Amino acid sequence: MIYLDNNATTPTDPEVVKAMLPYFTEKFANPSSIYDIAFKLKGVLENSRKKVAKILKVNSNEIIFCSGGTEADNIAIMGSVLAQKDKGKHIITSSIEHKAVLEVCKFLKKYFDYTITYLPVNSAGVIDLNVLKDSITPETAIVSIMLANNETGVIQPIKEAAEIAHNAGVLFHSDLVQGIGKIPVDISELGIDYGAISGHKFHGPRGIGIMYLRRGAPFTSVIRGGGHENNKRAGTENIPGIIGILKALEISSERISKGASHMAELRDMLQESILEKIPQVLINGKDAPRIPNTLNISVKYVEGESMVFMLDEEGIQVSSGSACTSNSLAPSHVLLAMGLEHADAHGSLRFSLSGETTREDIEKVLEILPPIVSKLRKMSPFAPPEFK
Amino acid sequence: MIYLDNNATTPTDPEVVKAMLPYFTEKFANPSSIYDIAFKLKGVLENSRKKVAKILKVNSNEIIFCSGGTEADNIAIMGSVLAQKDKGKHIITSSIEHKAVLEVCKFLKKYFDYTITYLPVNSAGVIDLNVLKDSITPETAIVSIMLANNETGVIQPIKEAAEIAHNAGVLFHSDLVQGIGKIPVDISELGIDYGAISGHKFHGPRGIGIMYLRRGAPFTSVIRGGGHENNKRAGTENIPGIIGILKALEISSERISKGASHMAELRDMLQESILEKIPQVLINGKDAPRIPNTLNISVKYVEGESMVFMLDEEGIQVSSGSACTSNSLAPSHVLLAMGLEHADAHGSLRFSLSGETTREDIEKVLEILPPIVSKLRKMSPFAPPEFK
Amino acid sequence: MSIDKSKDGRLYTSKVMEHFRNPHHWGKIDDADGVGRVGNPICGDVMYIYLKIKDDIITDIAFETLGCVAAIATSSIATEIVIGKPLKEAWKLTDRDVANALGGLPANKFHCSMLAEEGLRAAIQDYLKKQGRSVDEFK
Amino acid sequence: MSIDKSKDGRLYTSKVMEHFRNPHHWGKIDDADGVGRVGNPICGDVMYIYLKIKDDIITDIAFETLGCVAAIATSSIATEIVIGKPLKEAWKLTDRDVANALGGLPANKFHCSMLAEEGLRAAIQDYLKKQGRSVDEFK
Ligand SMILES: Cc1ncc(COP(=O)(O)O)c(C=O)c1O
Ligand SMILES: Cc1ncc(COP(=O)(O)O)c(C=O)c1O
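Note that the structure is predicted; figures quoted are calculated from it, not measured. (Residues numbered from 1 in each chain as written. Chains lettered and ligands numbered in written order. Predicted model: local features only at pLDDT ≥ 70, side-chain atom pairs only at ≥ 80, totals over all residues. Heavy atoms only, no water.)

S.K.: Is there a simple way to think about the arrangement of the chains in this case?
M.R.: The structure contains 5 pairs of chains in contact, of which chains A and B account for the largest number of contacts. Between chain C and chain D there is no contact; the minimum C-alpha to C-alpha separation amounts to 51 Å. (Contact = heavy atoms within 4.5 Å.)

S.K.: Help me understand the packing of helix α10 (residues 239-277) of chain B against helix α14 (residues 359-379) of chain B, please; the structure alone is not making it clear to me.
M.R.: Axes are the key here: two packed helices are described by the angle between their axes and the distance separating the axes. All names here are of chain B. Where α10 contacts α14, the axes come no closer than 10 Å and their chain directions differ by 20°. Here α10 lies roughly parallel to α14, going by the angle between them. Our pair here, α10 against α14, has a crossing hand that is right-handed. Taking contact as the criterion, the partners of E265, L266, M269, L270, S273, I274 and K277 in α10 are, on α14, R359, I362, E363, V365, L366, L369 and P370. By residue class, the composition of the contact of α10 with α14 is 9 nonpolar, 1 polar and 4 charged. (Axes fitted to C-alpha atoms, helices over the stretch in contact; angles between N-to-C directions. Helix = DSSP H or I, 4+ residues; strand = E, 2+ residues; numbered from the N terminus. Parallel < 35°, antiparallel > 145°, perpendicular 65-115°, else oblique. Left-handed = near helix turned anticlockwise from the far one by under 90°. Nonpolar A, V, L, I, M, F, W, Y, C, P; charged D, E, K, R; others polar.)

S.K.: Help me understand the relation of the copies chain B and chain A in this model?
M.R.: The second copy of the chain is related to the first by a rotation about an axis and a shift along the axis. Between chain B and chain A, which share one sequence, the superposing operator has a rotation angle of 180° and an axial displacement of 0.0 Å; the RMSD is 0.0 Å. Between the two chains, the operation in question is that of a two-fold axis. Of all interface residues in chain B, 100% are interface residues in chain A too; the two copies therefore contact each other through one and the same surface. (Least-squares fit on C-alpha atoms with pLDDT ≥ 70 in both.)

S.K.: Sorry if this is basic, but what is going on with the interface of chain B and chain A here?
M.R.: One widely used convention gives an interface's size as the accessible area the parts lose upon coming together. Facing the 65 residues of chain B at the interface are 65 residues of chain A. Overall, the association of chain B and chain A removes approximately 5,100 Å² of surface from exposure, summing both partners, and the carbon and sulfur fraction of that is 68%. Run the count over chain B and chain A and you get 2 salt bridges. With its nearest N and O atoms 3.9 Å apart, the salt bridge here joins B:E71 to A:R233. On inspection of chain B and its partner chain A, the count reaches 22 residue pairs in polar contact (both at pLDDT 80 or more). Put simply, the parts of the chain that give the side of chain B that touches chain A at least two residues each are α1 (14-20), α2 (22-25), α3 (36-56), α4 (69-82), α5 (99-112), α10 and α11 (304-313) of chain B. Sort the elements by how many residues they give to the side of chain B that touches chain A and α5(B) lands first, with 7 residues. For the side of chain B that touches chain A, the residue count by class is 32 nonpolar, 20 polar and 13 charged. (Buried area = accessible area lost by both parts, 1.4 Å probe. Salt bridge = Lys/Arg side-chain N within 4 Å of Asp/Glu carboxyl O. Polar contact = N/O pair within 3.5 Å; in protein donor to acceptor, adjacent residues only side chain to side chain.)

S.K.: How should I be thinking about the side chain of A:H90 in this particular structure?
M.R.: Residues and elements named next belong to chain A. Its place among the elements puts H90 in strand β3 (residues 90-94). At 2.7 Å, the side chain of H90 and the side chain of T140 are in polar contact. Among residues more than four places away in sequence, those in contact with H90 are Y114, T115, T117, S135, T137, E139, T140, A141 and I142.

S.K.: Help me out: how do you make sense of α3(B) in this one?
M.R.: All names here are of chain B. With 21 residues, α3 should cover 30 Å at 1.5 Å per step; its first-to-last C-alpha distance of 30 Å lies within 8% of that length. All buried positions along α3 are accounted for by D36, A38, F39, L41, G43, L45, S48, R49, V52, A53 and L56. With its phi angle positive at about 65°, K57 sits one or two positions after the end of α3. (Expected span 1.5 Å × (residues − 1). Buried < 20%, exposed > 50% of the residue type's maximum accessible area, 1.4 Å probe, protein only.)

S.K.: I tried to follow α5(B) on my own but got confused; where do I start?
M.R.: It helps to recall that an α-helix has 3.6 residues per turn; residues three or four apart then point in one direction. Residue and element names in this part refer to chain B. With 14 residues, α5 extends 19 Å between its outermost C-alpha atoms, agreeing within 8% with the 20 Å of an ideal straight helix rising 1.5 Å per residue. α5 sits mainly inside the fold: 10 of its 14 residues count as buried. Turning to α5, its buried residues are A100, V101, L102, E103, V104, C105, F107, L108, Y111 and F112. One or two positions beyond α5, positive phi appears at D113, with a value near 60°.

S.K.: Explain unusual backbone geometry here, please?
M.R.: Of all residues except glycine, most have a negative phi; of all peptide bonds, most are trans. All names here are of chain A. The phi angle at E229 is positive, at roughly 50°, despite the residue not being glycine. Mapped onto the fold, E229 is located in helix α9 (residues 228-231). A residue is classified by how much of its surface remains accessible, and E229, at 7% relative accessible area, is buried.

S.K.: Help me understand the site of ligand 1, please; the structure alone is not making it clear to me.
M.R.: Near ligand 1 you find 14 residues, and of these A:T70, A:D175, A:S198, A:K201 and B:T236 are the closest. Neighbouring residues of ligand 1 are not confined to one chain but are distributed across chains A and B. At 3.2 Å, a side-chain N or O of A:H98 approaches an oxygen atom of ligand 1. Relative to its unbound accessible area of 380 Å², ligand 1 is 96% covered by the protein chains. If you tally residues by element for the shell around ligand 1, the top one is helix α4 (residues 69-82) of chain A, at 3 residues. Across the shell around ligand 1, the residue classes tally to 2 nonpolar, 9 polar and 3 charged. (Near = heavy atom within 4 Å. Areas by Shrake-Rupley, 256 points an atom, 1.4 Å probe, with all protein chains shown as cover.)

Pasting the structure below:
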């Protein structure tokens, strides 16, 4: 199996599992209890929070554990705007956000009459900071822009965007999910007020995430109960998950520079060789800085799902921005926002590598993919005669 | 270690951990992906949902996986009232609910102008159905009453309460967290519209819960994103957690009748022997039906935390309704709602057994507790001379 | 009518995958008697169907399809079903027949079997029109 | 001033636990020269302090406390600190002294060390009042 869909999810690192295991059966008290084993576990929890904070370069009381990236995006944005009811009901986000952000915005629009501005991106997939600046109004409560796009890997100028928002007195949220484990993420350097991280995207466990909440940033808790996480997110703490996400962060931050250049090298090799071997392929996002593990291509005259299945038959897992399996037939909103034709968006493939990906894996892909494309182009009504 | 705080949390059953393990490292795709390993995992997910539904006697599309009991309570109540904006802004709950319910109600009151009615309980800890009936107004959007109280174990007449709500055209939510694994819970028999379940309370994993959502019950999703869980709760599915909570449900439902009578026998033995050995002890909730694992006592003239720590020094973990460790000094709202004096609420101890609790454990407690009480009473300014 | 998954726990039935791996009658007929062009690149699925017809019988057929697994498999099975058949019978081929012949399709892939039905009818209609005839004779 | 946990990762310092396990001077002095009663059963903590005083020196002391670990430990350490001391010095005992003597207290247990300070002062005041004296002489 050559698994090249690491932006969708990653296998949990065996070291992460090993670190978690004792906390299921042996070290299992409720950290809110007062007896000794519980208090020790509370210590483990707070110690883990400190270590996480150190890696992300923030204060430990700015780390709020929750159930995943989606929840972190949701509660950060909702929690911020609800705490700023007087500020106005305008939100700025980008047209290439993950649904975890887009759908909260829609929710706030539908149920609470917020107005949403979706910033466009250029053909490279990057927002325009001037447009951001011009979009801010006195009513703007929050700006939310992702660090790295999950489909194209394109990195946004978060630091500059946050500065623009702050200069206008507006708070800034960033979905960091696809950045963690792929590029060094120094949250205090980014200067954001809220952030979202998901464990399973960098070999941590599923069902655990982190909301970064800058000290002093307006916030009202959305999931309420027993006052856990400093009254920011209630629910008995998922200690195994917290131990797991910490371990995954530790491993990835240790390996990041080696891992990133390894992935970038293989990704670039894949990109260049595909361009050599397969005519009429677009590299989506090639003119922007990208996280090192992601390659998004559009293969002209072919539809994505067909390629995904043919690759899968050969033991290679990738994804496509074709929405052929979802109920809407619209392809990737990200690729469309970059100005791709519908057909090209339907013909997209995303390869997302991990630190474990080998040169042999990439060579195998380069052997398998061209004949698949040829075969499908032969069948395609739009492919020019030279492909027949 | 004699762990008698199973209402706070339970150790994860090793069989549960074993069932989860392959889903961390080997079977790890994102169930939303389309290639074969992902589609198989989607099958595992839907199959697990079916099995969970069968145990709980509901339809599988009524099972929504989420991150825990707190979240399930939160999103059910918020999701229901937001979907019924035209219905009116009145919520009825009880004065003995878990904070996961009470705090959502407070949130809705503070941010969205809901009015909350808190039903009183009698000295046995049970709500009065007539008071419920009289509290319903045309504005009432939802009634939320827990199945079993976490502190006293007292079981509420949910079926009857739900019927009263339904007869008045009002929806009904029940926090089922402390019922599962202790008494058979047949959700369709209870006739509720929404329910909350937490994995770690019955030897399942932490960080996973279930919201029951009756087909057709009004609901709008609070955690939004990629359309997971049939658009009811977004976020990449926590497959290991789902496998784990299913396994824990299977184990507990298999063992429930034997387990319940085992726990009830030991609990009753503990209760009777304490009454014999220690004068001036109240049994909180003794005149109501209780889940079989829970014993809540108030020891006159003594404060709870002191007893908890002395027991802990002897390797026995229990909890107390004394709030001496929290920032508010008010003791258990549950015991106060039952009419206990503050001092008696401060002097409460909760023993919550599990299926693994042995007769020897209970005998040990009965040996250790009386001298602890004597010692503390000797120091107490309120204890009558016979205790000195 | 459409099923959500086949018994062996795959998105597509083995019949679908068989036709996807080795589609029948793909290609183009340059001197076709009737051509049907349906679908829309915006939606990701386009199908062209080419017919050779003699005595109102489909003597040869070919398809070109841009689309997903289901689109290619339904194209293949549809051509397989109607080759050698009288036009009148071919006209009656429904999306349901196509999906059934494949052992079922995922619910959200149903539109693909409609594409095959529509493509075939468009090609037949094209042929009849060229002949100065009307499809009413098949209705 | 108060610390959240001791170095060995327990809620209470070993000093607190020591005094909790084996409190000093608990009990009642029937012929006390001064008695202080502070706290409130509603809050869960009540402390009675009994003093025997000779020549303005605390010659004997006892406490009765209903309360948590911290309440008992602070009662114990406070009595330990002031026994044998002149009243004037005992009057100056602060909650801070009590917490420090125990190696720190969890932040949310701070009110317990105030109880000891208040209890002791109440007992001294009671003694002075019976003597027709005023606490002003200590201020
Ligand atoms: C950019 C981005 N944000 C948010 C999420 C949501 O994370 P999760 O599914 O773990 O909740 C994902 C992945 O699904 C993502 O790629
Ligand atoms: C009755 C009840 N409801 C809800 C909860 C919340 O569950 P969790 O902490 O798993 O979110 C608990 C336990 O904490 C509980 O006892």
